[in-house]
Amino acid sequence: MRTLKFLLQKEFRQIFRDPSIIRLIFIMPVMQLMILPWAADYEMKNIKLGVIDHDHSDYSRKLISTITASGYFILNDYAATFNQSFSEIEKDHSDIILEIPASFEKNLVKQSEATLFIAGNAINGVKANLGSLYLRTIINDFNQTVRMDWIQVPRFSPETQVEVRSSNWFNPLMNYKYFMVPGILVILLTMVGSNLTAMNIVKEKEIGTIEQINVTPIKKYHFILGKLIPFWILGLFVLTLGFIIARLVYGISPLGSFVTIYIFAGVYLLAVLGLGLLISTYAATQQQAMLISFFIMMIFILLGGLYTSIDSMPEWAKWITRFNPVSYFIEVMRMVVLKGSSLYDIRKQLLVMGVFAVVLNGWAVVSYRKRS
Amino acid sequence: MSIAVTVKNILKTYGKKKELVTALQDINFDVKTGELFGIIGPDGAGKTSLFRILTTLLLADSGTATVDGFDVVTDYKQIRKRVGYMPGKFSLYPDLTVQENLAFFATIFNTSIDENYDLIKDIYIQIEPFKDRKAGKLSGGMKQKLALSCALIHRPSVLFLDEPTTGVDAVSRKEFWEMLKRLKEQGITILVSTAYMDEASLCDRVALMQDGNIMSIDTPAQIVANFGRTLWAVRSGNMLHLLDELNTMKEVENAYPSGTFHHVILKKGYTDAFLQQALSETNNNLEIKAIRPNIEDCFMQLMRR
């Protein structure tokens with residue numbers, strides 16, 4: 001116990017003396033939480049629209065003004081021919097083209113139907129997809145309005161109609177920040193946990209102090225605990241800092257209990273620290289450790305459900321995410337923060353995380369050797 | 001006298017089949033308790049590998065070794081409690097102060113600075129004025145004193161010093177050897193490796209190492225006495241030319257530059273009279289004298305075998 005106390009004392013001294021670690025711990029969460037949620041927004045705004053109006057009628061003008069008034073589209077150009085408009089797309093000035101054929105109004109009035117043409121620039125697939133979806137919705141609405149103008153709608157509509165009204169549970173305003181902030185917090189915690197631990201131990205290897213430690217009667221578990229505990233505490237500190245920022249800047253406070261989050265975070269950190277430890281046993285230099293953890297982080301983030309939904313991944317990718325601790329924590333964070341889930345609701349994730357912690361740490365302890 | 005360190009048939013190789021490097025080939029020696037034992041050899045002789053095996057950091061391929069009566073493989077835990085190891089590279093925490101480093105190493109050996117202060121006092125007192133300075137900011141000589149203090153803080157019975165004087169100025173080197181002598185008086189067995197031949201004469205016994213082999217183990221005086229040949233020091237106005245000339249003469253067994261002279265060993269039956277005669281024509285200011293060989297000469301001679 002006494003040995004462990006002095007090891008911890010030494011670790012904390014070193015951590016607090018290293019200005020780069022302090023900067024990392026304070027600045028990284030602040031920067032990431034202040035900037036990323038604003039930028040990482042799925043909602044498409046400012047879609048640049050090109051319009052070719054062959055009709056120049058009352059209705060076509062009305063349609064165009066409805067579209068631009070929606071706030072999602074910016075009218076980029078108003079061309080005479082499709083080719084002119086298409087060259088705008090080629091120059092990447094436009095994202096979507098709406099072509100209104102001649103006699104649009106005439107057809108609409110006479111035959112009660114008219115066709116429109118939408119062309120999207122699919123280089124940015126999300127933008128084209130969502131853009132044309134928005135456009136279609138707006139046109140639909142427009143359609144309804146036009147009908148209302150013409151026909152006296154009877155009390156009960158003669159034709160059967162399905163009308164869909166949706167309400168967004170747990171995030172009524174579909175605020176993406178509510179969705180992103182907890183996820184980014186998880187990534188932060190993962191970085192602090194795995195990177196800092198790995199770098200710290202590899203640094204001892206690099207400067208040769210580990211040799212000096214290895215010839216002492218110090219026990220293996222003392223050394224490893226001495227490394228894990230400081231970063232465990234640091235990780236929980238970063239989490240707290242993150243929640244303070246989330247509250248102050250975005251007004252997000254978890255619906256569920258903090259206790260639930262901290263219990264899960266505690267177990268999660270154990271797993272992530274184990275990963276860091278494991279990296280450090282295989283890497284000989286800080287550069288190697290950095291590259292390995294960069295590679296792993298990349299997979300963790302992209303297959304973690306932060307930016308892309310796991311449910312829409314192919315089956316094999318879903319299997320990979322099951323081995324990704326980040327995906328569990330992001331899920332849990334969103335459950336607790338947005339839905340107010342309790343410890344009982346996240347028991348499955350907690351159990352899986354416990355298994356992660358045991359396996360990763362066990363593997364690291366077995367492969368860490370005091371002699372070669 | 002009891003034996004502090006025994007090494008029997010130690011073999012160590014690195015690398016795979018094709019690029020197999022033999023670091024230690026069948027090494028055997030004993031070190032007596034309280035001895036100052038030097039392992040002298042050029043870079044790559046296998047000194048560090050040997051030290052790492054004895055300090056339980058490295059496993060030998062075959063052979064056995066004991067330190068203080070404990071086997072390096074089975075009783076490594078006991079050995080780690082009672083040896084001090086100072087690696088060739090400075091390996092203390094550069095971001096901790098002098099005092100903190102020392103206190104840290106004292107505590108992980110379950111002791112305190114006060115308990116063994118008498119042992120390190122002579123050394124530590126020299127760096128005490130800088131005890132609040134970070135270890136990374138110390139000068140080379142001071143770093144070394146700190147490393148030695150840290151290696152001694154738990155009062156080890158055997159001390160391993162791997163090239164402690166490499167890259168240290170002449171005055172600090174001298175000081176360092178003085179410190180070792182005082183430690184020896186405290187009854188600590190000291191194994192020290194060095195690439196500097198002149199330090200050999202400061203040891204009780206030395207092992208001359210080359211390419212993973214021990215060529216000779218003896219007291220420095222005995223090694224010199226075993227030289228068995230007459231060594232001539234030759235000097236002239238054109239030293240470069242003189243060396244070329246010496247090396248082409250079939251009567252010369254070995255010739256190499258050493259300081260301001262060339263050292264020459266002649267084949268049996270030839271004396272300085274022959275050298276005088278052979279060289280006087282082509283060299284001005286020729287000077288030939290017989291000298292006592294030093295350890296370096298012995299090393300050069302042993303290497304030729």
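Along each chain, numbering runs from 1 in the same order as the chain's sequence is written. To label them, take the chains in the order written and letter them from A, then take the ligands in the order written and number them from 1. Per-residue local features are limited, in this predicted model, to residues with pLDDT of at least 70; the limit for side-chain atom pairs, both in listing and counting, is 80 or more; totals at the level of whole chains, interfaces and linings are taken over all residues. Side-chain numbers here rest on the full set of heavy atoms in the structure, without hydrogens or water.

### Looking at the environment of Thr-248 of chain B
Residue and element names in this part refer to chain B.
- Every helix listed is a DSSP run of H or I at least four residues long, and every strand listed is a run of E at least two residues long, numbered separately from the N terminus. Note on placement: Thr-248 falls in helix α8 (residues 239-248).
- You can call Thr-248 exposed: its relative accessible area is 66%.
- With 128 residues separating them in the primary sequence, Thr-248 and Ile-120 have C-alpha atoms 55 Å apart.
- Polar contacts, as used here, are pairs of N or O atoms within 3.5 Å; protein pairs need one atom able to donate a hydrogen and one able to accept it. Residues neighboring in sequence count only if both atoms are side-chain atoms. In terms of polar contacts, Thr-248 uses its side chain to reach the backbone carbonyl oxygen of Glu-245, at 2.7 Å. Using a 1.4 Å probe on the protein chains alone, a residue whose accessible area is under 20% of its type maximum counts as buried, one over 50% counts as exposed, and one in between counts as partly exposed.

### Notes on the interface of chain B and chain A
- At the interface, 31 residues of chain B touch 25 residues of chain A.
- What gets called buried area is simply the loss in accessible area from a 1.4 Å probe that two parts show on being joined, summed for both. Roughly 2,700 Å² is buried in total at the junction of chain B and chain A, and carbon and sulfur atoms are behind 55% of that figure.
- Area buried by chain B at its contact with chain A is led by Arg-80, Tyr-93 and Ile-108 of chain B, which between them contribute 24% of it.
- Think of a salt bridge as a Lys or Arg side-chain nitrogen and an Asp or Glu carboxyl oxygen that are within 4 Å of each other. Remark: the boundary between chain B and chain A carries 3 salt bridges.
- Counting across the chain B and chain A interface gives 10 residue pairs in polar contact (both at pLDDT 80 or more).
- If you list the elements that add at least two residues to the side of chain B that touches chain A, you get α2 (76-82) and α3 (98-108) of chain B.
- The leading source of residues in the side of chain B that touches chain A is α3 of chain B, at 5 residues. Residues are treated as being in contact if the distance between any of their heavy atoms lies within 4.5 Å.

### Describing the sheet that holds strand β2 (residues 21-32) of chain B
- Note on pairing: two strands pair once DSSP finds at least 2 bridges between them. Spatial ordering of the open sheet is given by β2-β1-β4-β5 (chain B), a layout of 4 strands whose pairing is antiparallel. With partners counted over all chains shown, the strands left at the sheet margins are β2 and β5 (70-71) of chain B, one partner each.

### Digging into the environment of Ala-198 of chain A
All names here are of chain A.
- Here Ala-198 is to be found in helix α7 (residues 176-207).
- For Ala-198, a relative accessible area of 0% translates into the label buried.
- Spatially, the C-alpha atom of Ala-198 lies 31 Å from that of Ser-257, the residues being 59 residues apart in sequence.
- When near neighbours in sequence (up to four residues on either side) are disregarded, Ala-198 contacts Gly-276, Ile-279 and Ser-280.

### As for the domain arrangement of chain B
Residue and element names in this part refer to chain B.
- Assigned domains of chain B: these are domain 1 (3-225) and domain 2 (231-303).
- All the domain ranges listed were derived from an automatic or database domain assignment. One C-alpha centre belongs to domain 1, the other to domain 2, and the line joining them spans 37 Å.
- Counting residues at the interface gives 13 residues for domain 1, matched by 9 residues for domain 2.
- Between domain 1 and domain 2, a total of about 890 Å² is buried, with carbon and sulfur atoms accounting for 87% of that surface.

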